[in-house]
Amino acid sequence: MRALPPVPFSNGPAFINRIPTRSSTIVVTSNEGLINVVDVTNPTDSEFHQLASASYVTTAAVSPTGSYMAFGDADGIIHLLTAAEEGSDLPLNGFDGQPVEWADPPEELPTIEWIDTTPLNAIGMPYYTTTLLSSWTPKFLSRDIFCPPPPKIPQQILTTMKINDNVAYASLPKELRGRRNVVPSEPKQRRSRFRHQLIRRGSEPETPTYEYDPEDIPRMYRKVEIEYSKFGVEDFDFGWYNHTELSGLETHILNSYTNPLLQLLHYTYPIRNLAKSHITTDCRRENCLFCELGFVVRMLEDARGTNCQSSNFCKTLGFLAQASNLIELIDYGRESADLNHAHMIQSCHRFLVDHLSLEGNAYPHNPPLLQQYGDSQQPAPSPIAQLVGITARNTVTCTSCHTTREKDQMMHVIDLVYPRKAATNNPEDGTDFPSIVRNSLLRHTSHKASCPACNRQHVSFESQRSIPNYALPPILALNASVYSEENHNFWRDARRQTFLKPTLELRGQVHGQDEASTVLYELRGFVVQVDAKHKQGPTHLVALIKVPEAEATRQGQDDSPWYIFNDFSVQNIAEDEALSFPASWKVPTVLYFERVDRRSQLDFSSLQKEIDASILSQDTNISMNRDPNFIKHECLSEDELPKPGTLIAIDAEFVLMQQEETEYRSDGTKTVIRPARLSLARVSVLRGNGPKEGLPFIDDHIHTSEMIVDYLTEFSGIQFGDLDPQTSRYTLTPLKVVYKKLRLLVDRGCIFIGHGLSKDFRIINIFVPPEQVIDTVDLYYLHNRQRRLSLRFLAWFILKENIQTDTHDSIEDALTALRLYKAHLQFESEGIFDKKLEELYKEGRQYNFKPPQMQGSPPIRPTSGPGIATFGMAQTLPYAPSPDFTAMQMYPRFFAPVPQPGPFQPTWRNR
């Protein structure tokens, strides 16, 4: 090799290309667009060209034939240079390629003599076998190319840049680390979070801009809030946060901080089975947490991804906590900076488990869940105590006279106790998780007291628990008790290892001697507090759970059965991510472990599985002054008990328990902080078919012990005293009994017919599968009109009746919905439903979708007596009624059927 003379190029070469047809010629290009075509054997013989580009050149290329050169600049423009003569046709790659296949010439069109009588079909249609160009598909639509322009060098780098041998370099500032050389991951979809605005707008690339920082809270852990539109909470798109088949829980109710704990109990199968069984028993407690837990469990089990709410459970928890003077468990709806959710949820956990054990205790008739209780001569403890209870023998020894006393104690929840050592996660030091759990179970403590044996004062006593392997429970419930930074250091990840493991091995101890064998536990889930330290929102709680259903359907090792339940946001998560505690923002609170060898030994066959159907045949009433004239329902007989597919009509009325909390800003806008809270006040269920069609078999007013803010009499028909057992003249029933009746109807596969049932079921706090709901709001609805019609307007147009003339009546509304459904079936059978629907909307626009006022009808004026009103009768109607249109049909509120025993023969009386 020998050196050739250097080629001078003062502008600085950026690209060097070789011309294939000229072996000794190269093309040198600068960033400014200066091009030098030079023969290396004779550098003096060169050509210079300048590109007309306003930006710098980013790339250069030469064609294989050497006839074309292409240059691309930063503005996205490609500049072409050619050595070919004007008008010549030289290929880019040196070969001609395949010949062009031209289309066949079309056949000549036939000659048509066009006169006045020439039929149009003589022209004919073209025959084609492929898709026409007019058949436009989304494939023809242009797509945005997410390619950001070349990034500019930041100014802080340019100011510190140094140049050495034509190479510029500078140190990368700390604030820019992790921001450079990052490409867009995927388009960021901007989507409205309200259902009435589900129109996808433009999208832009979502580019990570920061490097990983363990102190930053990942998005899946951050607090989620419900946004309220003018249509209420029902308009919020919860599906935007949950794309799984696992249901989340809403947060707009008080005491909803218990949502993660409820999810943890729900996905612990033994506790779920007990809760589902408890709601089938004849529990007489009006406020029972076990019943409410069973109702929540059934709702989450049936919803399959649809958001739910635990309003009845949260209300019962607040009532019992206030009765027990446990103020720290009550959520007042005002989050302060000092609120410690970790302490609240652990105190609530202990309170809840103790109450579940008490409420589920049917001593001495508790069903044995384990063989050890079935073979024992003693009655079995409560079902919850059989699952989470730990029977420990506590030995107390006097250090002076060595007198010992032994006593047995039952524990449901274990608080972890941490050693006073540095966190090394070493089993030999007793700082690993199994050692901490074992030491917390055995709990060696010392205290000072008076010893009656040696008659000495302030003697030190040492106490030690003794727990054999067989006494370790099937479900191990732990409170993490992390209240200091020193305790949290034990949980922090170290050396790429997690403190918490998916399994736990424990060894029992009897009289100070360790058991020979170990007991294996599997982690089912845990609740953590996300502490944002006032940067990214207030503290809140999330649950990380190993879902049994996902574990059973697991396809491979890559499918993780772990899910994060952040209230109504549910996402799949890797096991390593779930068990990791990277920084101080993730604080453990409640943990649940399941004993592996007891999983197959638990026997739930003796538990009750179904609600007693006779509850529908019982007249449940707690009112002391019920007026027989106000009894409008007739309970079902044994032959009438519903079967799958039985039609029933339902409607409910509600009262206001808490006003809406609204924040007004200085610009005049307002934001709903917490929506108004309604409570069920009356529910009516009617027979949907059969000889007694339209006759109610449930018409219960619901007793409530809470203070009612507004009875909403204009819309509910409920007045002061109607819900009081001392003064009510109606059939008054506890909420739990009514809920059991509705739960039984859902379980038996009844088809619910009503108007606006989604909101009713939401307030009642029950989930009904969509295939069991027929809503007249959806039956008489045109999607292109985007307006749903009221029951009153539908009754006026379809049934030619005026309802809700003075107030709402649940029997009247349910009967109207039933008759609207029957009319829908008739219209469908006659093939005129679509025409009827068009007429309905046309007539609605004329009257603003409200029934016209009857002529000669004076307004309703109350008289001197409370609750007494006079009504004006209509003289004429603005529409022509049918010949069989009677006064009873015109004013159904003034007439009521009197139930008679035996066959249904309704008689009518004037009210």
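Being a predicted model, the structure only gives us computed values, none of them experimental. Each chain has its residues counted from 1, following the order in which its sequence is written. pLDDT decides what is reported in this predicted model: residues at 70 or higher carry local features, side-chain atom pairs at 80 or more are listed and counted, and totals for whole chains, interfaces and linings draw on all residues regardless. Computation of side-chain values covers all heavy atoms of the structure but excludes hydrogens and water.

What the protein chain contains, in helices and strands, is 20 helices and 37 strands. Between buried and exposed lies partly exposed: a residue is buried under 20% and exposed over 50% of the maximum accessible area for its type, with that area taken using a 1.4 Å probe on protein chains only. By residue count, 44% of the 911 residues in the protein chain fall in the buried class. Using a 1.4 Å probe, the Shrake-Rupley method yields the accessible areas, and only the shown protein chains count as cover for residues. Put simply, the protein chain shows about 51200 Å² of open surface, and 51% of that area lies on carbon and sulfur atoms. Under the scheme used here, helices are H or I runs from DSSP no shorter than 4 residues and strands are E runs no shorter than 2 residues, and both carry numbers assigned from the N terminus.

A few words now on the packing of aromatic side chains. Between 30 and 60 degrees the pair is tilted, below 30 it is stacked and above 60 it is edge-to-face, where a pair is any two Phe, Tyr or Trp rings, Trp via its six-membered ring, whose centres lie within 6.5 Å. Counted under the stated rule, the structure contains 21 aromatic pairs. With 5.6 Å between their ring centres and 65° between their planes, Phe-433 and Trp-491 make a pair best called edge-to-face. Remark: Trp-491 occurs in helix α10 (residues 485-491) and Phe-433 occurs in helix α9 (residues 433-442); sequence separation between them is 58 residues. On the numbers, 6.2 Å between centres and 55° between planes, the contact of Phe-526 with Trp-562 is tilted. With Phe-526 in strand β21 (residues 519-530) and Trp-562 in strand β23 (residues 562-566), the pair connects residues that are 36 residues apart, well separated along the chain. For Phe-526, a relative accessible area of 0% gives the class buried. Overall, Trp-562 belongs to the buried group, its relative accessible area being 1%. A connected cluster of aromatic rings, assembled from ring pairs, spans Phe-433, Trp-491, Phe-499, Phe-526, Trp-562, Phe-581 and Phe-593. Criterion for a charge above a ring: Lys NZ or Arg CZ within 6 Å of the ring centre, and within 35 degrees of the ring normal. The ring centre of Tyr-781 lies 4.0 Å from the NZ or CZ of Arg-788, which sits over that ring. The residue whose ring lies beneath Lys-800 is Phe-797, and the NZ or CZ to ring-centre distance is 5.3 Å.

Below, the discussion takes up the pattern of salt bridges. Note on definitions: salt bridges are taken to be side-chain nitrogens of Lys or Arg within 4 Å of carboxyl oxygens of Asp or Glu. Following the criterion strictly, the structure yields 33 salt bridges and no others. For Asp-408, the salt bridge goes to Arg-393, with nearest N and O atoms at 2.9 Å. Pair noted here: Asp-408 is in strand β13 (residues 404-411) and Arg-393 is in strand β12 (residues 390-398), with a separation of 15 residues, a long-range link. Here Glu-522 and Arg-524 are joined by a salt bridge, their closest N and O atoms 3.9 Å apart. For the pair shown, Glu-522 and Arg-524 are each scored as buried. Through salt bridges that share partners, Arg-272, Lys-276, Arg-298, Glu-301, Asp-302, Glu-549, Arg-743 and Asp-747 make up one connected network.

As a further point, take the packing of helix α4 (residues 289-303) against helix α6 (residues 341-359). Fitting a line to C-alpha atoms yields each axis, with helices limited to the stretch in contact; the angle taken between N-to-C directions then spans 0 to 180 degrees. The interhelical angle for the contact between α4 and α6, taken along N-to-C directions, is 100°, at an axis separation of 8 Å. Judged on the interaxial angle alone, α6 and α4 are roughly perpendicular. Two secondary-structure elements touch here, α4 through Leu-289, Phe-290 and Leu-293 and α6 through Phe-351, Leu-352, His-355, Leu-356 and Glu-359. Basically, the charged four are Asp, Glu, Lys and Arg, the nonpolar ten are Ala, Val, Leu, Ile, Met, Phe, Trp, Tyr, Cys and Pro, and anything else, Gly included, counts as polar. Per-class residue counts for the contact of α4 with α6 are 6 nonpolar, 1 polar and 1 charged. These descriptions rest on fixed angle ranges, namely under 35 degrees for roughly parallel, over 145 for roughly antiparallel, 65 to 115 for roughly perpendicular, and the rest for oblique. Contacts between residues were defined by any pair of non-hydrogen atoms, one from each residue, lying within 4.5 Å.

On to the packing of helix α2 (residues 259-266) against α4. For the pair α2 and α4, the least separation of the axes is 10 Å and the interaxial angle reads 75°. Between α2 and α4, the angle is such that the two are roughly perpendicular. For the pair α2 and α4, contact is made by Leu-262, Gln-263, Leu-265 and His-266 and by Leu-293, Val-296, Val-297, Leu-300 and Glu-301, respectively. When grouped by side-chain class, the residues that make up the contact of α2 with α4 number 6 nonpolar, 2 polar and 1 charged.

The predicted structure's coordinates, where accompanied by low pLDDT, should not be read in detail. The pLDDT score gives, residue by residue, the confidence of the prediction method on a 0 to 100 scale. Predicted confidence across the protein chain gives a mean pLDDT of 81, with 83% of residues reaching 70 or more. Contacts from residues 199-211, a stretch scored under 50 in pLDDT, to residues over four places away or in other chains number 34 contacts. Confidence drops under pLDDT 50 across residues 855-911; counting only partners more than four residues distant or on other chains, this segment forms 84 contacts.

Attention now moves to a nonpolar patch on the surface. Patches here are clusters of residues that have more than 30% relative accessible area and form no salt bridge, with a 9 Å joining cutoff for like charges and a 5 Å cutoff for nonpolar side chains (Val, Leu, Ile, Met, Phe, Trp, Tyr). On the surface, a nonpolar cluster with roughly 460 Å² of combined accessible area is contributed by Ile-112, Trp-114, Leu-120 and Ile-123. With respect to the secondary-structure elements, Trp-114 resides in the loop between β7 (78-82) and α1 (155-159). For Trp-114, a relative accessible area of 55% translates into the label exposed.

By definition, two strands form a pair when at least two bridges between them are found by DSSP. Overall, antiparallel pairing links the 3 strands, which are arranged β5-β6-β7 in an open sheet. The open sheet terminates on both sides in strands that have one partner only, identified here as β5 (57-62) and β7. Ignoring strand direction, the axes of neighbouring strands in this sheet form an average angle of 15°. As paired elements, β5 and strand β6 (residues 68-73) share 5 bridges and run antiparallel to each other. Residue pairing across strands places Thr-59 opposite Gly-72, the latter belonging to β6.

A separate point is α9. In terms of residue burial, α9 counts as a mostly covered element, since 8 of its 10 residues are buried. Looking at α9, one finds that the buried residues are Phe-433, Ser-435, Ile-436, Val-437, Arg-438, Ser-440, Leu-441 and Leu-442.

Take the environment of Ala-480 next. Secondary-structure assignment places Ala-480 in the loop between β17 (475-479) and α10. The exposure class of Ala-480 is buried, given its relative accessible area of 0%. Measuring from C-alpha to C-alpha, the distance between Ala-480 and Thr-589 comes to 4.8 Å, with 109 residues separating the pair along the chain.

This part takes up the sheet that holds strand β3 (residues 34-39). If you trace the 4 strands from one edge of the open sheet to the other, you get β1-β2-β3-β4, paired in antiparallel fashion. Edge positions in the sheet fall to β1 (15-18) and β4 (42-50), since each has one partner strand and no second. Each strand axis lies, on average, 20° off the axis of its neighbour in the sheet, ignoring direction.

Throughout this description, the term nonpolar core refers to a set of buried Ala, Val, Leu, Ile, Met, Phe, Trp, Tyr and Cys residues connected via side-chain atoms within 4.5 Å. Judged by nonpolar contacts, the single largest core of 94 residues is most densely connected at Phe-565, Tyr-592, Leu-680, Val-685, Leu-745 and Phe-752. In terms of residue count, α4 provides more of this core than any other element does, 10 residues in total. By size, the runner-up hydrophobic cluster in this structure holds 45 residues, among which are Trp-491, Val-519, Leu-523 and Ala-578.

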